[in-house]
Amino acid sequence: MDLSHFVSSVTPSATLEFNKKALELARSGEDVVKFTAGEPDFPTPRPIVDAAIKALNEGKTKYTNAAGIDELRKAIALKLQKENNMTYSPEEIVVANGGKQAIYNVLKALVNVGDEVIIISPAWVSYEAQILLCGGVPVIVQADVERDFIPEINEIESSITDKTKAIMINSPNNPTGAIYPESFLGELADLCIKEDLFVISDEVYEKLVFDGSHLSIASMDGMKERSAVINAFSKTYAMTGWRVGYSATSTKLAKEISKIQSHLASNVNTMAQYAALKAFEVDTSSMVEEFRKRRDLVVSRLSEIGLKFSKPAGAFYVFIDIRPYLGRRYVNSNEFALGLLEEQKVGMVPGSAFSCEGFIRMSYSSSVEELKKGIDRFGRFLKAI
Ligand code: GLU
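Residues numbered from 1 in each chain as written. Predicted model: local features only at pLDDT ≥ 70, side-chain atom pairs only at ≥ 80, totals over all residues. Heavy atoms only, no water.

### Some details on the overall build of the protein
Within the protein one finds 13 helices and 13 strands. Taking 2.2 N^0.38 as the reference for a compact globule, 385 residues should give roughly 21 Å; the C-alpha atoms of the protein span a radius of gyration of 21 Å, in line with that estimate. Overall, the C-alpha framework of the protein stretches about 55 × 55 × 50 Å when taken along its three principal axes. The 385 residues of the protein split such that 58% are buried. Looking at the protein as shown, the accessible area adds up to about 16200 Å², and 51% of this sits on carbon and sulfur atoms. (Helix = DSSP H or I, 4+ residues; strand = E, 2+ residues; numbered from the N terminus. Rg over C-alpha atoms; globule rule 2.2 N^0.38 Å. Buried < 20%, exposed > 50% of the residue type's maximum accessible area, 1.4 Å probe, protein only. Areas by Shrake-Rupley, 256 points an atom, 1.4 Å probe, with all protein chains shown as cover.)

As structure tokens, then:
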């Protein structure tokens, strides 16, 4: 039988696949150091867990409004106002099953078959796949390690055609840790207005900032109507398994997104929505400080080995240039990552998963001991190549 070409054109999420491989090896008894999935190693803060238990005990176990409970949408609108200086009504917020589904909802509401969507490489693994699933055409613009992975506005401009519908950005960035400066965001906003383009701005790492500061492009003049802000509770509040994210858009787009959400998933798990509501009361600054310490440790250890990378300003990834090590035992980043896992039992994700061959992503959401152990093994692996 001829199956959907949209689906057959994509592969499973490589971040999750490599994470699975590392977990399987660990389950078989090996001492694996896992730098694969981007997942905080902290437990979900207790008040958030308690809020979910309370919701269960109170019988909050039924369907909610498909776009999310009113209290949560109001709290999100308030957060966007207070922290990001952006005015959204609760009706413009749609709660989804994680940032991942929030992005898909937006793409599905925007993209017609054949529409082009620009993504910046290195690009998180699911952007390209989701565009393809919607029948769109991903157009990749490369950002270079030499420019700290900040894209060049001219290169974005020259990739625009009469089919270009939107551009996706992600700052702080997965997998590079880059934070886009205001100057770049301003140029991009001007370009989007001039060319009548939409921006999907994935801001799920917004709180994990070590150098500089986060700014949402949607807060810039003339941008709200042509932007979708994506955010989630997963990374900020160590809530990856709860699956709560959201989109903030214009009223017109939010109505379309709500339709998609209602047909695909009804609402996000009810108790998880109450847990997310509580999250706004939780102070996560100690987690951010811990990530900063880890970032500094990783940067200094990797530099000692002599590796080339851009110092991450945010998120919890470092994207390492392995090109000098390819061409001998390993011809590409996928083989390299498999070799590293098999020989030294260290899990990382190949750059090919982020449309960027010649690199490997290390997630430093692990304890200091694990980081030291894993980087020592990584150093031994490189020496033996
Ligand atoms: N976003 C995380 C990562 O990049 C989790 C895995 C995934 O959903 O891709 O590792």
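Next, the rest of the story.
### Topic: the packing of aromatic side chains
In this structure the tally under the stated criterion is 18 aromatic pairs. With 5.4 Å between their ring centres and 75° between their planes, Phe233 and Phe280 make a pair best called edge-to-face. Remark: Phe280 occurs in the loop between helix H10 (270–279) and helix H11 (285–305) and Phe233 occurs in the loop between strand S7 (227–232) and strand S8 (245–248); sequence separation between them is 47 residues. Of the residues examined, Phe233 reaches a relative accessible area of 2% and is grouped as buried. Ring centres of Phe319 and Phe359 lie 5.1 Å apart, and the angle between their planes is 5°; this geometry places the pair in the stacked category. With Phe319 in strand S10 (residues 317–321) and Phe359 in strand S13 (residues 359–363), this pair connects stretches of sequence that are 40 residues apart. Directly above the aromatic system of Phe18 lies the positively charged group of Lys21, at a separation of 5.9 Å from the ring centroid. Here Lys60 stacks its cationic end above the ring of Tyr274, 4.6 Å away from the centre of that ring. (Phe/Tyr/Trp six-rings, centres within 6.5 Å; stacked < 30°, edge-to-face > 60°. Lys NZ or Arg CZ within 6 Å of the ring centre and 35° of its normal.)

### As for the environment of Ala232
Considering the arrangement of structural elements, one finds Ala232 in strand S7. For Ala232, the contacting residues outside a window of four places in its chain are Gly99, Val204, Val244, Gly245 and Tyr246. (Contact = heavy atoms within 4.5 Å.)

### Notes on the site of the ligand
The environment of the ligand is formed by 13 residues, the closest being Thr15, Gly38, Lys100, Asn174 and Arg361. Lys100 places a side-chain nitrogen or oxygen 2.9 Å from an oxygen atom of the ligand. In the environment of the ligand, a nitrogen atom lies 3.1 Å from a nitrogen or oxygen atom belonging to the side chain of Lys235. Here the ligand loses 88% of its free accessible area of 280 Å² to cover by the protein chains. (Near = heavy atom within 4 Å. Polar contact = N/O pair within 3.5 Å; in protein donor to acceptor, adjacent residues only side chain to side chain.)

### Describing a nonpolar patch on the surface
A cluster of nonpolar side chains, Phe6, Val7 and Val113, forms an exposed patch at the surface whose accessible area comes to about 290 Å². Note on placement: Phe6 falls in helix H1 (residues 5–8). (Patch = residues over 30% accessible without salt bridge, like charges linked within 9 Å, V, L, I, M, F, W, Y side chains within 5 Å. Salt bridge = Lys/Arg side-chain N within 4 Å of Asp/Glu carboxyl O.)

### Remarks on the sheet that holds strand S9 (residues 308–309)
A sheet is described by the order of its strands in space; here four strands give the open sequence S9-S10-S13-S12, paired in antiparallel fashion. Each edge of the sheet is formed by a strand with only one pairing partner; in this case those strands are S9 and strand S12 (349–350). Here two bridges tie S12 to S13, and the two strands are oriented antiparallel to one another. Bridge pairing in S13 links Pro350 to Ile360. In the packing of helix H12 (residues 333–344) onto the sheet, contacts are made with S12 and S13, and the angle to S13 comes to roughly 45°. (Pairing = 2+ DSSP bridges. Axes fitted to C-alpha atoms, helices over the stretch in contact; angles between N-to-C directions.)

### Some words on the sheet that holds S7
Pairing is mixed in the open sheet, where seven strands are placed in the order S2-S8-S7-S6-S5-S3-S4. The outermost strands of the open sheet, each flanked by one partner alone, are strand S2 (93–96) and strand S4 (137–142). Across the sheet, the mean angle separating the axes of adjacent strands is 20° when strand polarity is ignored. Relative to S2, helix H9 (residues 251–264) is tilted by about 25°, and along the sheet it contacts S2, strand S6 (198–202) and S8.

### Notes on the environment of Leu185
Relative to the helices and strands, Leu185 is located in helix H8 (residues 182–195). Residue Leu185 is classed as buried on the basis of its relative accessible area, which comes to 2%. Separated by 35 residues in the primary sequence, Leu185 and Met220 have C-alpha atoms spaced 8.5 Å apart.

### Topic: H8
An ideal rise of 1.5 Å per residue puts 20 Å on 14 residues; H8 measures up with 20 Å between its terminal C-alpha atoms. Listing the buried residues of H8 in full gives Phe184, Leu185, Gly186, Leu188, Ala189, Leu191 and Cys192. Buried-residue contacts for H8 involve helix H7 (153–158), strand S5 (164–170) and S6. Positive backbone phi, at 55°, marks Asp196, one or two positions downstream of H8. (Expected span 1.5 Å × (residues − 1).)

### What about the pairing of strand S3 (residues 116–121)?
Within S3, six of the six residues are buried, which leaves it mostly tucked inside the rest of the structure. Note that S3 and S4 share six bridges and pair parallel. Bridging from a neighbouring strand, Ile119 pairs with Ile140 of S4. Once you follow S3 into helix H6 (residues 125–133) and on to S4, the crossover reads as right-handed. (Right-handed = clockwise from strand over helix to strand, strands pointing away.)

### Some points on H6
Those residues of H6 that fall on the buried side of the exposure criterion are Val125, Ser126, Tyr127, Ala129, Gln130 and Ile131. Close packing links the buried residues of H6 with helix H2 (14–27), helix H5 (98–110), S3, S4, S5 and S6. Phi turns positive one or two residues past the end of H6, at Gly135, with a value near 85°.

### Observations regarding the pattern of salt bridges
Following the criterion strictly, the structure yields 29 salt bridges and no others. For the salt bridge of Lys79 with Glu83, the shortest nitrogen-to-oxygen distance reads 3.3 Å. Within this pair, Lys79 and its partner Glu83 are both found in helix H4 (residues 70–84), separated by four residues, close to a single helical turn. Judged by its relative accessible area of 43%, Glu83 falls in the partly exposed class. Here Arg147 ties to Asp144 by a salt bridge, and the two come within 3.8 Å at their closest N and O atoms. On the basis of relative accessible area, Arg147 is assigned to the partly exposed category, the value being 29%. In the salt-bridge network here, residues are joined through shared partners; they are Asp31, Glu370, Lys373 and Arg377.

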